[in-house]
Amino acid sequence: MDLAINPFSSGTRLRDMIRSIRACKTAAEERAVVRRECAAIRAAISEDDQDYRHRNMAKLMFIHMLGYPTHFGQMECLKLIAAAGFPEKRIGYLGLMLLLDERQEVLMLVTNSLKQDLNHSNQFIVGLALCALGNICSAEMARDLAPEVERLLQSRDPNTKKKAALCSIRIVRKVPDLAENFMGSAASLLKEKHHGVLLSTVQLCTELCKASNDALEYLRKSCLEGLVRILRDVSNSSYAPEYEVAGITDPFLHIRVLKLMRTLGQGDADCSEYINDILAQVATKTESNKNAGNAILYECVETIMGIEATSGLRVLAINILGRFLSNRDNNIRYVALNMLMKAIAIDTQAVQRHRATILECVKDADVSIRKRALELVYLLVNDTNVKPLTKELVDYLEVSDQDFKEDLTARICSIVEKFSQDKLWYLDQMFRVLSLAGNYVKDDVWHTLIVLMSNASELQGYSVRSLYKAFQSCGEQESLVRVAVWCIGEYGEMLVNNISMLNVEEPITVTESDAVDAVELALKRYSADVTTRAMCLVALLKLSSRFPPTSERIKEIVVQNKGNTVLELQQRSIEFSSIIQRHQSIKSSLLERMPVLDQTNYLVKRAASTQATVLSVKSAPAVTPGGPLKLPNGVAKPPAAPLADLLDLSSDDPPVTTSVPTTAPNDFLQDLLGIGLIDSSPTGGAPSASTDILMDLLSIGSSPVQNGPPTSNFSPLGKAETKSVPVTPQVVDLLDGLSSNENAAYPTITAFQSATLRITFSFKKQPGKPQETTINATFTNLTTSTFTDFIFQAAVPKFIQLQLDPASSSALPASGNGLVTQSLSVTNNQHGQKPLAMRIRVSYKVNGEDRLEQGQISNFPAGL
């Protein structure tokens, strides 16, 4: 009666407890039911209730699967295992495998019971012991029970042999030294007819080969003939319903045997020769219209590629992969592409025969197949096929998805740079890529293009005319606009006068005014991109020297930027206006065409930087929670520090910067255009007395005394247009030989820059308060996605006081089409003794995904 009244007594059936738990409507109700049931089971354990011990263990296993603690029932497992009956042992071993693992000390107590059961006369009890040992065996148990398992490998019962072989696998993994004990038994079991025994034995042989070189050599001598016989029998066997899968006889045994053959034949020419015939038979006879057959064919191909196979067999294997590429199943095509990438290192010519099919995969609707096929095409390119392959890829670039354009553009540019032997072909391909996907071309690619054009004097006229025509039709591509503006500024007279015409060209009519119109259009169209606008201003300055009649118009365009809020553009506008209006005598020499750039030196530096980046990426720590960010130009993103590190203000020493300074000696843009050269003298030191005042104006070679170290901001502005001290209308023109050290302006710096975000700092001080500085931070989004929930954080050492004003917006528009600003008030209590230093962190969301970027800034101008 008590059991009927209390549904949670130890006598409750398992199904009743499950029904009660499922009837719970809340997690709290479920916990209450489990808690009461566990209390009843504990009471039954303490009373040594033997009648319901197996039922309590079954309920404990269910409770364990729900995630509740059940450690108090571990000893009950041992008691059930020690019982004489099969039902009790079955529940006990099942509980042992679920509730315990090899790390539990309690497990040592069950070794003796396992040994007794392994020697039991009942084959089902032996099977229970083998199953448990194969799941939770520790190294100590393996050493103690290995002889019993080895003996059971010779049992008459096929199920016992199969379980013993699987248990042996666990023992060999735990104690590789015991591998030699199982070699003979494993070799003899390959003569069995039962497929279950064969499958487990082949798996055991594979594990033995991994564990011991002696076992590998032994099995090569004693097992190869048996494996060939097994594979031939399975391939040629008649219909067997117990092993058949989709018309294929036991594909699992097929695959296991092929894997073992690959292990035995790898690096051994004799073994490989012995199994060549059976591999060819499997490759030709297996049907490919079913998934099971494709699995066998794939494993057969992998085995052929992994051993010392003949060339004809390798061609057969690659042809099978070619058929896979025509399959409608995306998974089959993907694994075929993966295997072809491995095969290309073994037999390139055989893979080349399927080039057309691989190119079709580049246009596949599945993005994974497209990317993998593109990588394979890149590996297929050589000097003989580079032009047709490049044409196919460039043609597809025009119609490809926006998400795929970046990868496709990068690969095309890499192919053109790597295999180009004809400068004209190189220029044509790069101009077309810039026209179709200029927004996806990385900076170092168009930098290299500019270097080549400066070295190819015979093609400079062709280049500027081609870029002018491309600009007229594809002016929305940013990289195209930059290269076109640079060329028009350098070679404008070639454009207007049709100089250095090639036979393949037709003359075009471009006036001096048309050339200025093109640059002015770019200046207006890219109002949010500081680099492009700065390049446009430089081009206009040079055109004022190339085309004197347009000087007044150019001056009017340049003057429009005198009040620009971006200090970089304001500064250039003022300086260039002064050059055009007041310094006609030096303008022609100042604005001469750039000298030929050292192409070899540039490419060597670029390659060295790329190699350094690869090494830094390989040695980088784990990915930060914000997710991986792909950065262009070989710039490795520094690992994100935890918040505690960001706010660690215990040290007075300025932190070492982890952001990427844009004036690093390895930056190619500086080396390319000869700007922003680092001063070799100590920071803040006086420049040489022989420094030309013009060089002082343009910050070439040394930094002005009143402004400390050179600024880290730069732009690709040509020969004489490097980053200089910002000139405001109140400062006397330096070309007049006059300067003032009072109220010196501080240069704007790029505090932080990654592939996605640029942060610039401009500075302002109040007269009479040298320790106080107001910093205006400007944030620019360099990606095509809007940043939301934008938050900027900063931390400084304890000798500095910091106050952050609210940001102008929490959303940062894409592609620099809008800026977010934020003011910081900084007080350096050790002004003149210790420089300003800061750590920053920026968090934002892109399409709902959280991102995090951070860095350290120590390149503040001196005097702050």
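A few points about the pattern of salt bridges
Right, on to step 1. Throughout the structure, instances matching the rule amount to 33 salt bridges.
Right, on to step 2. Where Arg229 meets Asp233, a salt bridge forms, and the shortest distance between an N and an O atom there is 3.7 Å. In this pair, Arg229 and Asp233 are both assigned in helix 14 (residues 224-236), four residues apart and thus about one turn of the helix distant.
Right, on to step 3. What emerges from the salt-bridge pattern is a single network uniting Lys391, Asp395, Glu398 and Arg432.

A closer look at the sheet that holds strand 5 (residues 772-781)
Right, on to step 1. Here five strands make up an open sheet; going across it, the order is 3-4-5-8-7 and the pairing antiparallel. Because the sheet does not close on itself, it has two edges, and the strands there are strand 3 (749-753) and strand 7 (800-804). Within the sheet, the average angular offset between the axes of one strand and its neighbour, ignoring direction, is 25°.
Right, on to step 2. Of the strand pairs in this sheet, strand 4 (residues 757-764) and strand 5 are connected by eight bridges, and their pairing is antiparallel. Counted as the bridge partner of Phe763 is Ile775 from strand 5.

Some thoughts on the packing of aromatic side chains
Right, on to step 1. For the structure on display, the rule yields nine aromatic pairs.
Right, on to step 2. On the numbers, 5.1 Å between centres and 55° between planes, the contact of Phe779 with Phe792 is tilted. A residue pair is termed long-range when its members are at least 10 positions apart, and Phe779 in strand 5 and Phe792 in strand 6 (residues 787-795) qualify at 13 residues. Each member of the pair, Phe779 as well as Phe792, is classed as buried.
Right, on to step 3. When the ring of Phe790 is compared with that of Tyr844, the centres are 6.3 Å apart and the planes differ by 20°; the resulting orientation is stacked. Of the two residues, Phe790 is situated in strand 6 and Tyr844 in strand 9 (residues 838-846); the sequence distance between them amounts to 54 residues. In this pair, the class of Phe790 matches that of Tyr844, namely buried.
Right, on to step 4. Site record: aromatic cluster; members linked through ring pairs are Phe779, Phe787, Phe790, Phe792 and Tyr844.
Right, on to step 5. The positively charged end of Arg370 is found above the aromatic ring belonging to Phe404, 4.9 Å away from the centroid.
Right, on to step 6. A cation over an aromatic ring shows up here: Arg411 above the ring of Tyr378, its NZ or CZ 4.7 Å from the ring centre.

Some points on helix 19 (residues 330-343)
Right, on to step 1. Compared with the 20 Å implied by 1.5 Å per residue over 14 residues, the 20 Å span of helix 19 between its first and last C-alpha is a close match.
Right, on to step 2. Along helix 19, the positions that sit buried rather than exposed are Ile332, Arg333, Ala336, Leu337, Met339, Leu340 and Ala343.
Right, on to step 3. Those residues of helix 19 that are buried lie in contact with helix 17 (291-306), helix 18 (311-325), helix 20 (348-352), helix 21 (355-362) and helix 22 (367-380).
Right, on to step 4. N-cap assignment for helix 19: the residue whose side-chain oxygen lies 2.8 Å from the backbone N of Asn331 is Asp329.

As for the side chain of Glu493
Right, on to step 1. By secondary structure assignment, the location of Glu493 is in helix 28 (residues 478-497).
Right, on to step 2. Among the residues examined, Glu493 registers a relative accessible area of 17% and is labelled buried.

So, the pairing of strand 9
Right, on to step 1. Counting buried positions along strand 9 yields eight of nine residues, so the element is predominantly enclosed.
Right, on to step 2. Between the antiparallel neighbours strand 9 and strand 10 (residues 849-857) lie two residues, among them Asn847 with a positive phi of about 55°.

Notes on the packing of helix 29 (residues 512-525) against helix 31 (residues 551-559)
Right, on to step 1. At their nearest, the axes of helix 29 and helix 31 sit 11 Å apart, and the two run at 5° to each other. As far as their axial angle goes, helix 31 and helix 29 are roughly parallel. Across from Ser513, Val516, Asp517, Glu520 and Leu523 in helix 29, the residues of helix 31 making contact are Arg553, Ile554 and Ile557.
Right, on to step 2. Of the residues contributing to the contact of helix 29 with helix 31, the split by class is four nonpolar, one polar and three charged.

Describing the packing of helix 25 (residues 423-437) against helix 26 (residues 443-455)
Right, on to step 1. Here helix 25 crosses helix 26 at 145°, and the two axes come no closer than 11 Å. Here the hand of the crossing between helix 25 and helix 26 comes out left-handed. Contact residues: helix 25 offers Lys423, Tyr426, Leu427, Met430, Phe431 and Leu434, while helix 26 offers Val445, Thr448, Leu449, Leu452, Met453 and Asn455.
Right, on to step 2. Its residues assigned to classes, the contact of helix 25 with helix 26 comprises nine nonpolar, two polar and one charged.

Observations concerning the side chain of Ser454
Right, on to step 1. When you line up the elements, Ser454 lands in helix 26.
Right, on to step 2. Classification of Ser454 by relative accessible area gives buried; the value is 7%.

Re the pairing of strand 10
Right, on to step 1. Extensive coverage of strand 10 is indicated by the burial of seven of its nine residues.
Right, on to step 2. Note that strand 9 and strand 10 share nine bridges and pair antiparallel. Across the sheet, the residue bridging to Ser843 is Leu852, located in strand 10.

Quick notes on the confidence of the model for the chain
Right, on to step 1. In the predicted model, the chain carries a mean pLDDT of 79, and 82% of its residues have values of at least 70.
Right, on to step 2. In the model of the chain, helix 37 (residues 693-698) stands out as the element of lowest mean pLDDT, 36, in contrast to strand 5, which has the highest, 92.
Right, on to step 3. Note on residues 1-9: pLDDT under 50 across the span, and 14 contacts to partners over four residues away in sequence or across chains.

What to know about the sheet that holds strand 6
Right, on to step 1. Spatially, three strands are ordered 6-9-10 in an open sheet, and the strand pairing comes out antiparallel. Single-partner strands in this sheet number two, and they are strand 6 and strand 10. Along the sheet, successive strands turn relative to each other by an average axial angle of 15°, direction set aside.
Right, on to step 2. Bridge count for strand 6 against strand 9 is seven bridges, and the pairing is antiparallel. Note on strand 9: the bridge partner recorded for Ile791 is Ser843.

Criteria and cut-off values
- Residues numbered from 1 in each chain as written.
- Predicted model: local features only at pLDDT ≥ 70, side-chain atom pairs only at ≥ 80, totals over all residues.
- Heavy atoms only, no water.
- Salt bridge = Lys/Arg side-chain N within 4 Å of Asp/Glu carboxyl O.
- Helix = DSSP H or I, 4+ residues; strand = E, 2+ residues; numbered from the N terminus.
- Pairing = 2+ DSSP bridges.
- Axes fitted to C-alpha atoms, helices over the stretch in contact; angles between N-to-C directions.
- Phe/Tyr/Trp six-rings, centres within 6.5 Å; stacked < 30°, edge-to-face > 60°.
- Buried < 20%, exposed > 50% of the residue type's maximum accessible area, 1.4 Å probe, protein only.
- Lys NZ or Arg CZ within 6 Å of the ring centre and 35° of its normal.
- Expected span 1.5 Å × (residues − 1).
- Contact = heavy atoms within 4.5 Å.
- Polar contact = N/O pair within 3.5 Å; in protein donor to acceptor, adjacent residues only side chain to side chain.
- Parallel < 35°, antiparallel > 145°, perpendicular 65-115°, else oblique.
- Nonpolar A, V, L, I, M, F, W, Y, C, P; charged D, E, K, R; others polar.
- Left-handed = near helix turned anticlockwise from the far one by under 90°.
- pLDDT = per-residue confidence, 0-100.

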